Amino acid sequence: MPARLLTLLLALFCLPVQAEHGTPSGVLAVDQLRFVTANAEFTLMHEMGHLLIHELHLPVLGREEDAADQLGFYGLLLMQREQLDKNFYGRLLDVADYWRLQWQHSQANGGASVVWDSHALDQQRFYNLSCLIYGSDPDHLEWVLEVTGLPIERALYCDQEYAQVEQAVQWLLTRIQRERPEHQGQAIRVSYEEPLDSIEHGPELLSRVRASKVLENVAQRASSLFYLPRALQIRVQNCGAADAWYDRNTGELSLCWELIDHYARLMPALQQLREQQRLAVKRD
Ligand SMILES: [Zn+2]
């Protein structure tokens, strides 16, 4: 990757390491916090993908939701590489595994697959993300095939899928830079609503997300790198449902406390799910 492009990408996506010190001691377990943080960051990057697609009128071939997942994945990968996080692949797998947990959760609650939806099915999002993780360095990540169960028929082409995402982001950034007007665009503002009492660990989560300044850094870097034609907002709020979205009419990106809470509640089932996968590999 050209150094200039890499610098640009890192400037957009590389955020300070999560401030895990200096915050009140909470009851979130370390691995639970990692899972929640990785998935909240991925969701933020996914929604930022929607924001950039709409505000910059980026061309999209295929489904926008798939493009947003790819932008989210690539942003998260660059961010964690820059942080030299020793749990680099663990965090990426936390994001892929969320979709496997969500799939399991829906089945257990009688939920049917919503095949008409604009998003890929949960199990497809799990395999898509697993493929991108493996494809980022297949020579050293054969173990990812074991822990995810990604079939070899798909794995054979994951390096090409990853290269395609990387090339698309490079192409877009080159175009954006060239076409960016000289004058400064509008800024993205960040606001937080106090989580309701129903949000487990609410005060701890609010304290951590504020201290990390992740949202402020993403907003500031996107505002300074790209010409944004209007004032935009990122809101962390109570929504009444576990959700996140970018509203192209109002220019507001919403990240719901209920979704962050949902990540924390799903996570304890992850160990059992990974053990089942390990036993399945052993049986083969
Ligand atoms: Zn989306």
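Everything below is about the structure printed above this text.
Just so it is clear, the structure is predicted and the values come from calculations on it, not from any experiment. (Residues numbered from 1 in each chain as written. Predicted model: local features only at pLDDT ≥ 70, side-chain atom pairs only at ≥ 80, totals over all residues. Heavy atoms only, no water.)

Side chains Ala 244 and Tyr 246 of strand E3 (residues 244-247) all project onto a buried face; the interleaved residues Trp 245 and Asp 247 project onto a face where none is buried. As defined by bridge partners, E3 adjoins strand E4 (residues 252-256) across four bridges and the pair is classed as antiparallel. Note on E4: the bridge partner recorded for Tyr 246 is Leu 253. Linking E3 to E4, which pair antiparallel, is a turn of four residues; within it Gly 251 sits at a positive phi near 75°. (Buried < 20%, exposed > 50% of the residue type's maximum accessible area, 1.4 Å probe, protein only. Helix = DSSP H or I, 4+ residues; strand = E, 2+ residues; numbered from the N terminus. Pairing = 2+ DSSP bridges.)

Bound to the zinc ion are the protein donor atoms His 46 (NE2), His 50 (NE2) and Glu 65 (OE), situated 2.0 to 2.1 Å from the metal. Written as a sequence motif, the donor arrangement for the zinc ion is H-x3-H-x14-E. Linking His 46 in helix H2 (residues 30-55) with Glu 65 in helix H3 (residues 64-82), this pair joins segments that are 19 residues apart in sequence. Pair check on accessibility: His 46 and Glu 65 agree, each one buried. (Donors = N, O, S within 2.8 Å, 3.2 Å for Na, K, Ca; no water.)

What follows covers the pattern of salt bridges. As enumerated under the stated definition, the model contains twelve salt bridges in all. Its salt-bridge partner being Asp 66, residue Arg 63 comes within 3.3 Å of it at the nearest N-O pair. Assessed through its relative accessible area of 23%, Asp 66 is described here as partly exposed. Here Asp 261 and Arg 265 are joined by a salt bridge, their closest N and O atoms 2.7 Å apart. Here Asp 261 and its partner Arg 265 are both found in helix H11 (residues 257-266), four residues apart, which amounts to about one turn of the helix. (Salt bridge = Lys/Arg side-chain N within 4 Å of Asp/Glu carboxyl O.)

Attention now moves to the layout of surface pockets. Volume-wise, the largest pocket comes out at about 780 Å³. Where the lining of the largest pocket is concerned, the elements lending two or more residues are H2, helix H4 (88-108), helix H5 (122-135), E3 and H11. Examining the composition of the lining of the largest pocket, we find that six residues originate from one element, H4, more than from any other. Split by residue class, the lining of the largest pocket holds 14 nonpolar, eleven polar and six charged. (1 Å grid on protein atoms, 1.4 Å probe; cavity = no way out; pocket = protein on both sides within 12 Å on 5 of 7 lines; lining within 4 Å. Points joined across faces, edges and corners; volume = space filled by probe spheres on them. Nonpolar A, V, L, I, M, F, W, Y, C, P; charged D, E, K, R; others polar.)

What follows is about H5. Over its 14 residues, H5 extends 20 Å from the first C-alpha to the last, a length consistent with the 20 Å expected when each residue adds 1.5 Å. The element H5 is extensively covered by neighbouring structure, given that eleven of its 14 residues are classed as buried. Those residues of H5 that fall on the buried side of the exposure criterion are Asp 122, Gln 123, Arg 125, Phe 126, Leu 129, Ser 130, Cys 131, Leu 132, Ile 133, Tyr 134 and Gly 135. (Expected span 1.5 Å × (residues − 1).)

It is worth spelling out the sheet that holds E3 at this point. One open sheet holds the four strands; their spatial order is E1-E2-E4-E3, and the pairing between them is mixed. The open sheet has two edge strands with one neighbour each: strand E1 (188-192) and E3. Averaged over neighbouring strand pairs, the angle between their axes works out to 15° when direction is ignored. Set on the sheet, H2 makes contact with E1, strand E2 (232-237), E3 and E4; between it and E3 the angle comes to about 15°. The sheet contacts of helix H10 (residues 214-225) involve E1 and E2, and relative to E1 the element is tilted by about 165°. (Axes fitted to C-alpha atoms, helices over the stretch in contact; angles between N-to-C directions. Contact = heavy atoms within 4.5 Å.)

Residue position: Trp 143 is located in helix H6 (residues 142-148). What makes Trp 143 partly exposed here is its relative accessible area of 37%. Beyond its immediate stretch of four places on either side in the chain, Trp 143 contacts Tyr 89 and Leu 93.

Another point: the packing of H4 against H5. Relative to each other, H4 and H5 sit at 165°, their axes nearing to 8 Å. By the angle class used here, H4 and H5 are roughly antiparallel. When the axes of H4 and H5 are compared, the crossing they make is left-handed. On H5, the residues that touch Tyr 89, Leu 92, Leu 93, Val 95, Ala 96, Asp 97, Trp 99, Arg 100, Gln 102, Trp 103 and Ser 106 of H4 are Asp 122, Gln 123, Arg 125, Phe 126, Leu 129, Ser 130 and Ile 133. (Parallel < 35°, antiparallel > 145°, perpendicular 65-115°, else oblique. Left-handed = near helix turned anticlockwise from the far one by under 90°.)

Before going further, it helps to examine the packing of aromatic side chains. The full count for this structure, using the stated rule, is six aromatic pairs. Seen in terms of ring centroids, Tyr 98 and Tyr 263 are 5.0 Å apart; in terms of plane orientation they differ by 90°. Their pairing is edge-to-face. With Tyr 98 in helix H4 and Tyr 263 in helix H11, this pair connects stretches of sequence that are 165 residues apart. Tyr 263 shares its class with Tyr 98; the two are buried. Among the aromatic residues, those joined into a cluster by ring pairs are Phe 88, Tyr 89 and Trp 143. (Phe/Tyr/Trp six-rings, centres within 6.5 Å; stacked < 30°, edge-to-face > 60°.)

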